[in-house]
Amino acid sequence: MIPAKFYKYVFAFIMSAFMAFFVSFVLTYINLGFVDGFVKIWLTAYLKAFMVAYPVIFFIAPLAAKIAQKICNK
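Residues numbered from 1 in each chain as written. Predicted model: local features only at pLDDT ≥ 70, side-chain atom pairs only at ≥ 80, totals over all residues. Heavy atoms only, no water.

A. Representation of the overall build of the protein chain in the model. When you go through the protein chain residue by residue, the secondary structure sums to two helices and zero strands. Relative to its length of 74 residues, the protein chain is extended, with a C-alpha radius of gyration of 16 Å against a globular reference of 11 Å. For the protein chain, the spread of C-alpha atoms along the principal axes amounts to about 50 × 35 × 15 Å. Pairs at least 24 apart in sequence give 58% of the contacts found in the protein chain among residues at least 6 apart. Summed over all atoms, the accessible surface of the protein chain reaches about 6200 Å², with 76% contributed by carbon and sulfur. (Helix = DSSP H or I, 4+ residues; strand = E, 2+ residues; numbered from the N terminus. Rg over C-alpha atoms; globule rule 2.2 N^0.38 Å. Contact = heavy atoms within 4.5 Å. Areas by Shrake-Rupley, 256 points an atom, 1.4 Å probe, with all protein chains shown as cover.)

B. Representation of the packing of aromatic side chains. One pass over the structure, following the stated rule, counts 18 aromatic pairs. Geometrically, the ring pair formed by Phe21 and Tyr46 is edge-to-face, given 5.7 Å between the ring centres and 85° between the ring planes. Of this pair, Phe21 sits in helix H1 (residues 7–32) while Tyr46 sits in helix H2 (residues 38–71), and the two are 25 residues apart along the sequence. For Tyr46, a relative accessible area of 17% gives the class buried. (Phe/Tyr/Trp six-rings, centres within 6.5 Å; stacked < 30°, edge-to-face > 60°. Buried < 20%, exposed > 50% of the residue type's maximum accessible area, 1.4 Å probe, protein only.)

C. View of a nonpolar patch on the surface. A contiguous nonpolar surface patch, about 1000 Å² in accessible area, is contributed by Tyr7, Phe11, Met15, Met19, Val23, Val26, Leu27, Tyr29, Ile30 and Phe34. Among the secondary structure elements, Phe34 is positioned in the loop between H1 and H2. (Patch = residues over 30% accessible without salt bridge, like charges linked within 9 Å, V, L, I, M, F, W, Y side chains within 5 Å. Salt bridge = Lys/Arg side-chain N within 4 Å of Asp/Glu carboxyl O.)

D. Region of the structure containing H1. Helix length check: H1, at 26 residues, gives a terminal C-alpha distance of 37 Å against a target of 38 Å (1.5 Å per residue), a fit within 8%. Residues of H1 that are buried in the fold lie against H2. Residue Gly33 follows H1 closely and has a positive phi angle near 75°. (Expected span 1.5 Å × (residues − 1).)

E. H2, seen in detail. Its 34 residues place the ends of H2 only 41 Å apart at the C-alpha level, less than the 50 Å of an ideal helix rising 1.5 Å per residue. Taking the largest bend as the criterion, H2 deviates by roughly 40°, centred on Ile60, and proline Pro62 comes between one and four positions later. Within H2 the residues assigned to the buried category are Phe38, Trp42, Tyr46, Phe50, Ala53, Ile57 and Phe58. (Bend = angle between axes of the 7 residues up to and from the residue.)

F. Layout of the nonpolar core. With five residues, the main nonpolar core is built from Ala17, Ala20, Tyr46, Phe50 and Ala53. Those elements that provide at least two residues to this core are H1 and H2. Ranked by residue count, the leading element in this core is H2, at three residues. When sequence neighbours within four positions are dropped, the list of residues in contact with Ala20 reads Tyr46, Ala49, Phe50 and Ala53. (Core = buried A, V, L, I, M, F, W, Y, C linked by side-chain atoms within 4.5 Å.)

Structure follows, in structure tokens:
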């Protein structure tokens, strides 16, 4: 198992992997439809999206959690 001190890195990795996977699929489909080579185009877009999503989630998740805590009732 991975030590707990790496939790924020693992969380950001997993979250960005899932988000980039689904968002890149939907946007590729919306923009192109199911064309020849769709999977290759989509996976290329996924890799690019993941490279952006990981650092964004890593830095934004703590801010988003603080904002959500202020908005929600305790």
